[in-house]
There are 2 protein chains.
Amino acid sequence: MEKLIFISNDDGHAAGGVNQLAEMMRQYGDVFVVAPDSGRSGASMSISSHSPVRNTLIRHEESTDTKGSLTVWACSGTPNDCTKMAFEVLLPRRPDLVLGGINHGENCAVNAHYSGTMSIALEGCIKMVPSIAFSSGKTAEDADFSYMQPYICRIVENVLVNGLPTGVCLNVNIPDVNEVKGIKICHMGMGDWHEEWQERDHPRGGKYYWIAGYYAPYDPSDTGSDTWAYEHGYAAITPLQLDMTAKSFVDKAREQFEI
Amino acid sequence: MEKLIFISNDDGHAAGGVNQLAEMMRQYGDVFVVAPDSGRSGASMSISSHSPVRNTLIRHEESTDTKGSLTVWACSGTPNDCTKMAFEVLLPRRPDLVLGGINHGENCAVNAHYSGTMSIALEGCIKMVPSIAFSSGKTAEDADFSYMQPYICRIVENVLVNGLPTGVCLNVNIPDVNEVKGIKICHMGMGDWHEEWQERDHPRGGKYYWIAGYYAPYDPSDTGSDTWAYEHGYAAITPLQLDMTAKSFVDKAREQFEI
């Protein structure tokens, strides 16, 4: 049986990133995309608990001597809905690999928590399939992500052979630079957003707000963080785990709270 | 200055849980609620990157000799938008405590990843304020959550005095039982959902799906998990940390991927 690679994203099925990633992956086997019908940036691991979800087949290309088949579905739900829908309803068999991306824009540091791209890898992780999220410093709709191909292929080939520990997935962020300096394994950087809301006047009265602002690390000199590696020209791989238990606080918490 | 307690939820500002929690908290100081204008279950840490966000003042009650003031705003965005909006636009000063809930329904185990209630505590954590999410096994719209009050107050009083480590928040799940057996400090249980989609026929043709199904732990005998404690009648406190780095995989990942 051919390898099967499942891909989704949060920029929508028509985005350049997901289509370029799908083409890169066809050398490894069949590629199956279920992606949102439009952009869902910042969707995190949200699910459509209050609205019905529909799927539309966008296209199917048969395999050739040199590449696997390609199937693309659009889904009206969130990125996480796409992954859940794929596993239970749309995929022809259990995939060997789950990929999110390529996201138009980075998802370093705590921003992985907000990221729909990351949610795909985390959901793949819950479903116990090796999972990776790829994000790029390039944000343009017509961005060319081919500069990422050597790094993406190195990581994918390794994971297809060696797998990943259960409950662990990779958050990969590759900056928009002429020459990527190398690959660094990092920890999740910590920081916060500032000036998060832009106020506007509605033409018929009243105020409304757009979410915006800028991210700043708590500690810009945290050289082991993904933000630092990314900002210094490295492809940053942050291994993330599903289990968020604050193990270092458990003993203290027992003293403090248990009855 | 009075203590200021910020509360949001994912069931909306009109839900019983958030209003009962707000009343419980007025003994400690001023209470400020910014909650979604309707239900947003399963919103995770999503933000409204594609739609504008509006706020509406629902009510304000002045403080009395025995309790702090109460202010309630409805926000058209996600639970995480509510927290971000509160901190930057609506709150009169930096809060001493951030609370999510009381959620109508539990948020144990990996389901914390999907939870809008949990997102409030995680965002509070990003903003470096001690933060707690409260969820109940009761799901009815008219549920009476007063049975939770002794546990909620014990936890809140402790956190108001001792704080929480930076980057750590609490996920508290209290089952719907006649007598809560005690408080247990737990780790995040691991598991997955099954039969996640229910198919329906649209009256004008075509299929659509509702997300549904049931959650099952990978290992039901994991007695240290929040799911186990909750299902055995305990109030389960799971300390969660923002930093999802899979530290145990970092060295191996260096060998495997770095160039």
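Procedures and definitions
- Residues numbered from 1 in each chain as written.
- Chains lettered and ligands numbered in written order.
- Predicted model: local features only at pLDDT ≥ 70, side-chain atom pairs only at ≥ 80, totals over all residues.
- Heavy atoms only, no water.
- Least-squares fit on C-alpha atoms with pLDDT ≥ 70 in both.
- Contact = heavy atoms within 4.5 Å.
- Core = buried A, V, L, I, M, F, W, Y, C linked by side-chain atoms within 4.5 Å.
- Buried < 20%, exposed > 50% of the residue type's maximum accessible area, 1.4 Å probe, protein only.
- Salt bridge = Lys/Arg side-chain N within 4 Å of Asp/Glu carboxyl O.
- Helix = DSSP H or I, 4+ residues; strand = E, 2+ residues; numbered from the N terminus.
- Pairing = 2+ DSSP bridges.
- Axes fitted to C-alpha atoms, helices over the stretch in contact; angles between N-to-C directions.
- Buried area = accessible area lost by both parts, 1.4 Å probe.
- Polar contact = N/O pair within 3.5 Å; in protein donor to acceptor, adjacent residues only side chain to side chain.
- Nonpolar A, V, L, I, M, F, W, Y, C, P; charged D, E, K, R; others polar.
- Parallel < 35°, antiparallel > 145°, perpendicular 65-115°, else oblique.
- Left-handed = near helix turned anticlockwise from the far one by under 90°.
- Arc of directions from axis to C-beta.
- Disulfide = S-S within 2.5 Å.

## Concerning the relation of the copies chain A and chain B
Argument step 1. Screw-axis analysis of chain A against chain B gives a translation of 0.0 Å along the axis, an RMSD of 0.0 Å, and a rotation angle of 180°. On this basis, the relationship between the two copies can be described by a two-fold rotation axis.
Argument step 2. Most of the interface of chain A is mirrored in chain B, where 100% of its interface residues are also at the interface.

## So, the nonpolar core
Argument step 1. A:V34, A:M118, B:V34 and B:M118 are the most contacted members of the largest nonpolar core, which has 76 residues in total.
Argument step 2. Once residues lying within four places of it in the same chain are set aside, the contact partners of A:V34 are A:F6, A:I7, A:S8, A:W73, A:C75, A:C82, A:A86 and A:L90.

## Observations concerning the pattern of salt bridges
Argument step 1. Per the counting criterion, the structure on display carries 30 salt bridges over all chains.
Argument step 2. Residues B:K84 and A:E196 are paired through a salt bridge, measuring 2.4 Å at the closest nitrogen-oxygen approach. Of the two residues, B:K84 sits in helix 2 (residues 79-90) while A:E196 sits in the loop between strand 9 (191-194) and strand 10 (197-201), which places them in two different chains.
Argument step 3. Judged by its relative accessible area of 2%, B:K84 is buried.

## So, the sheet that holds strand 5 (residues 97-104) of chain A
All names here are of chain A.
Argument step 1. What the nine strands build is an open sheet, ordered 3-4-2-1-5-6-7-13-8; its pairing is mixed. Looking along the sheet, the strands with just one partner apiece sit at the ends: strand 3 (55-61) and strand 8 (183-185). Ignoring strand direction, the axes of neighbouring strands in this sheet form an average angle of 20°.
Argument step 2. Across six bridges, strand 7 (residues 168-174) lies against strand 13 (residues 235-241) in antiparallel orientation. Looking at the pairing, N173 lines up with A236 of strand 13.

## Overview of the pairing of strand 6 (residues 131-136) of chain A
All names here are of chain A.
Argument step 1. For strand 6, a buried count of six out of six residues is recorded, marking the element as mostly surrounded by other parts of the structure.
Argument step 2. What you see with strand 6 is no split at all: S131, A133 and S135 on one side and I132, F134 and S136 on the other are buried throughout.
Argument step 3. Inspection of the sheet shows strand 5 paired to strand 6 by five bridges, in the parallel sense. Among the inter-strand pairings, H104 is bridged to a residue of strand 6, identified as S136.

## What to know about the interface of chain A and chain B
Argument step 1. If you look at the interface, chain A gives 84 residues, while chain B gives 84 residues.
Argument step 2. A combined buried area of about 7,200 Å² lies between chain A and chain B, and 62% of that area is made up of carbon and sulfur atoms.
Argument step 3. Three residues, A:W197, A:M244 and A:F257, lead the burial of chain A against chain B; their summed loss comes to 11% of the area buried on that side.
Argument step 4. Where chain A packs against chain B, one counts six salt bridges.
Argument step 5. A:D192 serves as the salt-bridge partner of B:K127, at 3.1 Å between the closest nitrogen and oxygen.
Argument step 6. Counting across the interface, chain A meets chain B through 53 residue pairs in polar contact (both at pLDDT 80 or more).
Argument step 7. Looking at the side of chain A that touches chain B residue by residue, the class counts come to 43 nonpolar, 24 polar and 17 charged.

## Topic: the packing of helix 1 (residues 16-25) of chain A against helix 4 (residues 149-162) of chain A
Residues and elements named next belong to chain A.
Argument step 1. Closest axis-to-axis distance for the helix 1/helix 4 pair is 11 Å, and the angle between their directions is 55°. Taken together, the axes of helix 1 and helix 4 are oblique relative to one another. By crossing handedness, the relation of helix 1 to helix 4 is classed as right-handed. Touching L21, M24 and M25 of helix 1 are Q149, I152 and V156, all from helix 4.

## Looking at helix 6 (residues 250-257) of chain A
Argument step 1. The set of residues buried in helix 6 of chain A consists of A:V250, A:A253, A:Q256 and A:F257. The buried residues of helix 6 of chain A all sit within an arc of 120° when viewed along its axis, so they share a single face. Those residues of helix 6 of chain A that are exposed and aimed more than 90 degrees away from the buried face are A:D251 and A:E255.
Argument step 2. In the core, the buried residues of helix 6 of chain A are packed alongside helix 4 (149-162), strand 7 (168-174), strand 8 (183-185) and strand 13 (235-241) of chain B.

## A word on the sheet that holds strand 6 (residues 131-136) of chain B
Backbone hydrogen bonds are what pair the strands of a sheet, in a parallel or an antiparallel way.
Argument step 1. On the basis of which strands lie adjacent, the open sheet formed by nine strands has the order 3-4-2-1-5-6-7-13-8 (chain B) and mixed pairing. Each edge of the sheet is formed by a strand with only one pairing partner; in this case those strands are strand 3 (55-61) and strand 8 of chain B. Neighbouring strand axes in the sheet, compared pairwise and without regard to direction, differ in orientation by 20° on average.
Argument step 2. Across four bridges, the pairing between strand 1 (residues 3-8) of chain B and strand 5 (residues 97-104) of chain B is parallel. In the strand pairing of strand 5 of chain B, B:I5 is matched with B:L97.
Argument step 3. Contacts between helix 6 of chain A and the sheet are confined to strand 7, strand 8 and strand 13 of chain B, with strand 8 of chain B contributing the most and set at about 170° to the helix.

## Some thoughts on the state of the cysteines
Residues and elements named next belong to chain B.
Argument step 1. Counted according to the given criterion, the structure contains zero disulfides over all chains.
Argument step 2. This cysteine, C108, is not joined by any disulfide, and C186 carries the nearest cysteine sulfur, 7.8 Å off.
Argument step 3. Owing to a relative accessible area of 3%, C108 belongs among the buried residues under this scheme.
Argument step 4. Taking the relative accessible area as the measure of exposure, C186 reaches 3% and is therefore buried.

## Overview of unusual backbone geometry
Argument step 1. For the bond running from A:G101 to A:I102, omega is -5°, close enough to zero to count as cis.
Argument step 2. Positionally, A:I102 belongs in strand 5.
Argument step 3. A positive phi is found at B:A109, a non-glycine position, where the angle reads about 60°.
Argument step 4. Its place among the elements puts B:A109 in the loop between strand 5 and helix 3 (116-126).
Argument step 5. Even without being glycine, B:M128 reaches a positive phi, approximately 60°.
Argument step 6. Here B:M128 is to be found in the loop between helix 3 and strand 6.

## Points about helix 3 of chain B
All names here are of chain B.
Argument step 1. Burial within helix 3 is extensive, with 11 of its 11 residues counted as buried.
Argument step 2. For helix 3, every residue scored as buried is listed here: G116, T117, M118, S119, I120, A121, L122, E123, G124, C125 and I126.
Argument step 3. For helix 3, the N-terminal cap is S115; the gap from its side-chain oxygen to the backbone nitrogen of T117 is 3.1 Å.
Argument step 4. M128 sits one or two residues past helix 3 and shows a positive phi near 60°.

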